[in-house]
Amino acid sequence: MKPIAFTLNGVARTVTVDENRDLLWVLRDDLGYTGTKFGCGASFCGACTVLLDGREVRSCVTPMSRVAGRKVVTVEGLAQGDKLSPVQEAFVEHVGFQCGFCTSGMVIGATALLEANPKPTRAQIIQGLERHLCRCGAHLRVVDAVESAARKMAGGAK
Amino acid sequence: MIVPEGWGFVETIDRRDFLKLTSTGLLVAFAVKPADGALRPVWNFAEQQRTPPDFNAFLHIGANGRVTLFVGKIEMGQGIITGLPQIAAEQLNVPIDRVDCVMGDTDLCPFDNGTFGSLSVWRLGPVLHAAAAEARAVLVQMASEKLGVPVAELTVKDGVVVSRTDASKAVSYGDLAGGKKIERRYEGQAALAKVSEYTIIGKSYPRPDARAKVTGKATYAGDMVPKGALHARIVRPPAHGAKLTSADTSAAEKVPGVRVVKDGDFVAVLHAHRDEADQALKLVKATFTPSPSTLDHENIFAHLEAVDVPRRQMEAAGDVAAGEKSATQMISAKYRKGYVAHSPMETHSAVASVAADGKVTVWAGTQTPFPLQTLVARALKLAPEQVRIITPFVGGGFGGKSASQQAIEAARLAVAVGTPVRVVWSREEEFFFDTFDPAAVISIRAGLDGAKRIVSWDNDIIGSGGRGAAMFYAVPNHRTMTKGGWNNNPAGMHPFAVGPWRAPGANANVWARESHIDTMAAAAGMDPVEFRLLNLKNPRMQRVLEVCARKFGWTPKPGPSRRGFGVALGEDAGTYVVNMAEVKVDPATGAIRVVRVVCAQDMGVVVNPEGATQQMEGCIMMGLGYVLAEEVRFRNGEVLDRNYGSYSLPKFSWMPKIETVLLDNPDLPSQGGGEPAIVGMGAVIANAVFDATGVRITQLPMTPARVKAALGKNG
């Protein structure tokens, strides 16, 4: 057990935990942030994706030792109050989800993708989301949503 | 339960709120007739049924003018959270955002057998139409008395009853219903709004759960954390058929915060943190008997053919032997497909809590809250009323959450430890305990006469049952036998549980039939679409085929045309569906690239076109999985595919260009929409592969290795 300080959705937090524990369960079980989902526990599916210093990581295989001193953003941290982020808005508008269980990870993954590449081609969006699984088959809508968010963030027409 | 109050806000209400809400206002109780299917016992649930209910949904209108539907159905992504309110709003003449939906809560909603079979709009829908119309009639009658205006002179606009001639004479539903308690049983007498007058049905509305789902606020069973809740991890056998012989939990017990439950062969370790429970589980030293099973994913087909299970005749007409005599060509083939996992992204999850009075509440990711209530009660030796199942949002089901063993496990453990318990299956548990889509062997022997008409059809289906196999081509002599199915299989048929998988059995059966039809078209030297049109005497299906062909830009050419075009026809849940696809096959690797899929569907009156379209798109994407890659491998009771490292779901890069068409058919009531578009995916791709290569592949999934081998043998 050891105190680990990090920033969670813009707020400084310190948790005293075994540093080998994975971020996913500290978020869900210790801190009550249940928006981040458990899907496979082995970094295959992407349901647990969060931003770590702005880049997407699989929280199910991210030990707290890696989190110390860094910035974590979960799906709960994307909106500014009631104002959804452009990616969230686009997911709502294009219905980039069905059951919604992969959606937290998808939204985070898309946010990271657009952060790294604000003007992606459709092929780059597909490649960028390749490691996010969706069983309902909302893929088409997700890609449409990310394309639309990119356009909107670039200030273009939607 | 799901209460998207004001469309987009999700919260929990309890029994007191329900009684308060329904203590005044208009409450209409309505039922789906058992003959309509929604109450038909499904799967192995016959023995789990309670007294047959006499109604199975409520519609309430309160003083605030809000309409609340209480239905036992659940929302797992399919979108009835939008579709059902649309129906009520249409018949009541209220804006859709005034309708709330309370779903899947056994304390608040009347009995419902479960959410499956594309039944919600198809079978519950008509009764909801009628109940809402009844509520409207009651309210208009009350308004007539209050306003002193004859019923015939009244109309309803946005929840306000108003005189057609004097707009000052008006009263809102809320004012009519408020302060009184009016209970009505649906009698089916009220006149329905006409299809031609619909203003809400047939339009698309934003999903009320969208905001909650993109912000992480939508709650699923595993997100419920009652105070003091512990995560449970259960000691599992390494193989089906293996039995626990010993479990040494002493090391796990020494871990701070860990509790251990041992109840016969049910052994669990519990901890407040899931990952620490995982670690404690690894410390348990358990031994098991070996599994007696000698089956694997390769010898399973011979086993299914040999296993002593009686066949039953599903359908027959004419005289198959005589038909075969009149044939000029006989075409026979055997089709095999493996087991497929449901693999919803949310693993089976449940949280159970026991109140001071002994009442057990279970939040469960389930498609069948009411049958589950009975099962949990039975496991705990309680009356069903002592168990409440609450179904939050379900993270995908596809039939796999008709079985909800995890909820029973959570409830048993909550009783054992006296504190709330969370059971969230690992992905490995999900693959192990899934009720797989059964492996199947389908043998078809069919005859073609000189006029290129199908004159005989002899279909022997092992494993997949009869759904989707009904003959809709104009074949005078046909017979379909089934041996086993996706439900009610005798012990020994399968090495593990099988169950309903999105359009259960139809994926295999439609694949085999439409592959065979395609082979016959090629044998007749005909274009596959023209051959089908020649052999159909079904104007509704012909129309869907023609619409799809137009959208696709199909030009007639006998196969293999080397264009890589495929077509498949299907009927499911009352809906007619045609898929067309274009594929490219890489002969060097055997990889199939599905370039384009066009899907046309006649589902009668479409309640929510966007929702229906999303279901079609989802079916197409999900279908790519079982067609191209998904097959559960196993050996001697052990499931070898346990996570996505070896078992691949469809990925973004697999996505073809998807185009969908919903046919306008206002004369037909709404049919099912959750499953039809998936049933043709096997055949449409197999037929396109044949068209591209001239090689017929008769085993699913069509993995690169299988395709390469088939091309090498026949190409």
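These numbers were taken from a predicted model, which means no experiment stands behind them.

Draft legend 1. Inspection of the overall build of chain A at higher detail. Helix and strand content of chain A: six helices and five strands. When its helices and strands are written in sequence order, chain A yields β-β-α-β-β-α-β-α-α-α-α. What you see for chain A is a C-alpha radius of gyration of 15 Å, in line with the 15 Å of a compact globule of 158 residues. Along the first, second and third principal axes, the C-alpha atoms of chain A reach 50 × 30 × 25 Å. When burial is assessed residue by residue, chain A has 59% of its 158 residues classed as buried. Considering only contacts in chain A between residues 6 or more positions apart, those separated by 24 or more positions represent 60%.

Draft legend 2. Expanded view of the overall build of chain B. Helices and strands together make up the secondary structure of chain B, namely 18 helices and 31 strands. Counting only C-alpha atoms, chain B reaches 80 × 75 × 45 Å along its principal axes. The buried share among the 715 residues of chain B stands at 57%. A separation of at least 24 residues holds for 77% of the contacts in chain B among residues at least 6 apart in sequence.

Draft legend 3. Looking closely at the packing of helix α3 (residues 86-94) of chain A against helix α6 (residues 139-153) of chain A. Residues and elements named next belong to chain A. Where α3 meets α6, the axes come as close as 8 Å, and the angle between the chain directions of the two elements is 135°. It follows from the interaxial angle that α3 and α6 lie oblique. Considering the relative orientation of α3 and α6, their crossing is right-handed. Together, Pro86, Val87, Ala90, Phe91, Glu93 and His94 of α3 and Arg141, Asp144, Ala145, Val146, Ser148, Ala149, Lys152 and Met153 of α6 make up the contact between the two elements. In terms of residue class, the contact of α3 with α6 is built from eight nonpolar, two polar and four charged.

Draft legend 4. Representation of the sheet that holds strand β16 (residues 311-317) of chain B. Residues and elements named next belong to chain B. Taken in spatial order, the six strands line up as β16-β24-β23-β22-β17-β31 in an open sheet, and their pairing is mixed. The two strands at the open ends of the sheet, each matched to only one other strand, are β16 and β31 (699-700). Relative to β31, strand β17 (residues 329-337) runs parallel, the two being bridged by two bridges. Counted as the bridge partner of Arg336 is Gln699 from β31.

Draft legend 5. Fine view of the domain arrangement of chain B. Residue and element names in this part refer to chain B. On domain assignment, one finds that chain B holds domain 1 (4-214), domain 2 (221-290 + 349-424) and domain 3 (300-340 + 436-714). The centre of domain 2, based on its C-alpha atoms, is set 39 Å off from the matching centre of domain 3. Residue-level contacts link nine residues of domain 2 with ten residues of domain 3. Broken down by class, the residue content of the side of domain 2 that touches domain 3 amounts to five nonpolar, four polar and no charged.

Draft legend 6. Expanded view of the sheet that holds strand β26 (residues 575-585) of chain B. Residues and elements named next belong to chain B. One open sheet accounts for four strands, arranged β25-β26-β27-β30; its pairing is mixed. Since the sheet does not close on itself, it has two edges, and those belong to β25 (565-572) and β30 (657-662), each with one partner. The sheet shows a mean angle of 15° between the axes of neighbouring strands, taken without regard to direction. Both strand β27 (residues 592-602) and β30 contribute to a ladder of six bridges, which runs parallel. Bridge pairing in β30 places Val597 opposite Ile658. Across the sheet, helix α17 (residues 681-693) touches β25, β26 and β27, and the angle it forms with β26 is around 35°.

Draft legend 7. Structural detail: the interface of chain B and chain A. Counting residues at the interface gives 47 residues for chain B, matched by 45 residues for chain A. Listing elements by their share of the side of chain B that touches chain A, those giving two or more residues are α5 (210-214), α7 (274-282) and α16 (609-628) of chain B. Here the side of chain B that touches chain A is composed, by residue class, of 20 nonpolar, 14 polar and 13 charged.

Draft legend 8. The arrangement of the nonpolar core in detail. Membership of the largest hydrophobic core comes to 266 residues, with the highest contact counts inside it found for Ala88(B), Val362(B), Ala410(B), Ile685(B) and Val689(B). Element by element, the count of residues in this core is highest for helix α3 (residues 119-147) of chain B, at 14 residues.

Draft legend 9. Spatial organisation of α7(B). Along α7(B), the residues classified as buried are Arg274(B), Asp275(B), Glu276(B), Ala277(B), Ala280(B) and Leu281(B). Looking at the buried side of α7(B), the elements it contacts are α1 (23-30) of chain A together with β11 (230-234), α6 (250-253), β14 (266-271) and β21 (421-424) of chain B.

Draft legend 10. Structural context of the domain arrangement of chain A. Residue and element names in this part refer to chain A. Partitioning chain A into structural domains gives domain 1 (2-77) and domain 2 (86-153). Relative placement of domain 1 and domain 2: their C-alpha centres are 21 Å apart. Facing the 14 residues of domain 1 at the interface are 13 residues of domain 2. Broken down by secondary-structure element, the contributors of at least two residues to the side of domain 1 that touches domain 2 are β3 (49-52) and β4 (55-58). The element that contributes the greatest number of residues to the side of domain 1 that touches domain 2 is β3, accounting for three residues. Of the residues belonging to the side of domain 1 that touches domain 2, the class tally is six nonpolar, five polar and three charged.

Draft legend 11. Structural detail: the packing of helix α13 (residues 506-523) of chain B against α17(B). Residue and element names in this part refer to chain B. Between α13 and α17, the least distance of the axes is 8 Å, while the angle of their chain directions is 30°. Considering the angle they form, α13 stands roughly parallel to α17. Where α13 crosses over α17, the handedness of that crossing is right-handed. Residues Asn507, Val510, Trp511, Glu514, Ser515 and Asp518 of α13 lie in contact with α17, whose contacting residues are Gly682, Ala683, Ala686, Asn687 and Phe690.

Draft legend 12. Local environment of the pairing of β3(A). Along β3(A), one buried face is formed by Thr49(A) and Leu51(A) and the opposite face, lined by Val50(A) and Leu52(A), is buried too. Here β3(A) folds back onto β4(A) in antiparallel fashion, the turn holding two residues, of which Asp53(A) has a positive phi close to 50°.

Draft legend 13. The arrangement of the pairing of β4(A) in detail. For β3(A) and β4(A), the ladder comprises four bridges, and the chain directions are antiparallel. Directly across from Thr49(A), in β4(A), lies its bridge partner Arg58(A).

Draft legend 14. Summary view of helix α15 (residues 539-552) of chain B. All names here are of chain B. For α15, which comprises 14 residues, the first-to-last C-alpha distance of 20 Å matches the rise-based estimate of 20 Å (1.5 Å per residue) to within 8%. When we look at burial in α15, the residues that qualify are Met541, Val544, Leu545, Cys548, Ala549 and Phe552. Taken end-on, α15 shows its buried residues confined to a sector of 135°, consistent with a single buried face. Seen from the open side of α15, the exposed residues pointing more than 90 degrees away from its buried face are Pro539 and Arg550. In this fold, the buried residues of α15 make contact with α14 (528-534), β25, β26, β27 and β30. Gly553 lies just past α15 and shows a positive phi near 80°.

Draft legend 15. Representation of the environment of Val149(B) within the structure. Residue and element names in this part refer to chain B. Relative to the helices and strands, Val149 is located in the loop between α3 and β7 (154-157). As for Val149 and Leu244, which are separated by 95 residues in sequence, their C-alpha atoms are 75 Å apart. Beyond its immediate stretch of four places on either side in the chain, Val149 contacts Ser144, Leu154, Ser163 and Lys169.

Draft legend 16. Geometry of the confidence of the model for chain B. All names here are of chain B. Looking at chain B as a whole, the pLDDT averages 91, with 92% of positions reaching at least 70. Within the model, the stretch residues 1-11 combines pLDDT values under 50 with 39 contacts to residues more than four positions away or in other chains. Between residues 34-54, whose pLDDT stays under 50, and residues either more than four places distant or in other chains, the model counts 36 contacts. Across the interfaces of the predicted complex, the ipTM metric reaches 0.97, alongside a pTM of 0.94.

Draft legend 17. Focus on unusual backbone geometry. Residue and element names in this part refer to chain B. With an omega dihedral of -5°, the bond running from Gly559 to Pro560 counts as a cis peptide bond. Relative to the elements of secondary structure, Pro560 occurs in the loop between α15 and β25. Pro701 follows Leu700 through a cis peptide bond whose omega is -5°. The topology assignment puts Pro701 in the loop between β31 and α18 (704-714). Backbone geometry at Lys452 places phi at a positive 65°, although glycine is not the residue there.

What counts, and at which threshold
- Throughout, a residue's number is its position along its own chain's written sequence, starting from 1.
- Labels follow written order: the first chain is A, the first ligand is 1, and so on.
- Restriction of local features to residues with pLDDT of at least 70 applies here, the model being predicted, together with a cutoff of 80 or more for giving and counting side-chain atom pairs; totals for whole chains, interfaces and linings are based on all residues.
- The way it works is that DSSP assigns letters per residue, a run of H or I at least four long becomes a helix, a run of E at least two long becomes a strand, and they are numbered from the N terminus.
- We compute the radius of gyration from the C-alpha atoms alone; for a globule the expected value is 2.2 Å times N to the 0.38, where N is the number of residues.
- Field definition: a residue is buried when 20 or more other C-beta atoms are found within 10 Å of its C-beta, exposed when 12 or fewer are, and partly exposed for counts in between, with C-beta atoms placed from the backbone.
- We call two residues in contact if the C-beta atoms placed from their backbones are at most 7 Å apart.
- Between N-to-C directions, angles span 0 to 180 degrees; the directions come from axes that are lines fitted to C-alpha atoms, helices contributing only their stretch in contact.
- If an angle is under 35 degrees, it is roughly parallel; if it is over 145, roughly antiparallel; if it lies from 65 to 115, roughly perpendicular; otherwise it is oblique.
- Rotating anticlockwise by less than a right angle from the far helix to the near helix defines a left-handed crossing, while the corresponding clockwise rotation defines a right-handed one.
- All residues other than Ala, Val, Leu, Ile, Met, Phe, Trp, Tyr, Cys, Pro, Asp, Glu, Lys and Arg, Gly among them, are scored as polar; the first ten of these are nonpolar and the last four charged.
- Strands were regarded as paired on the criterion that DSSP finds at least two bridges between them.
- An automatic or database domain assignment is the source of the domain bounds shown.
- The term nonpolar core means buried Ala, Val, Leu, Ile, Met, Phe, Trp, Tyr and Cys residues held together as one set by C-beta atoms within 7 Å.
- Under the convention used throughout, the expected extent of a helix is 1.5 Å for every residue step, that is, one less than its residue count.
- Here the arc refers to the set of directions running from the helix axis out to each C-beta atom.
- Per-residue confidence from the predictor is given as pLDDT, running between 0 and 100.

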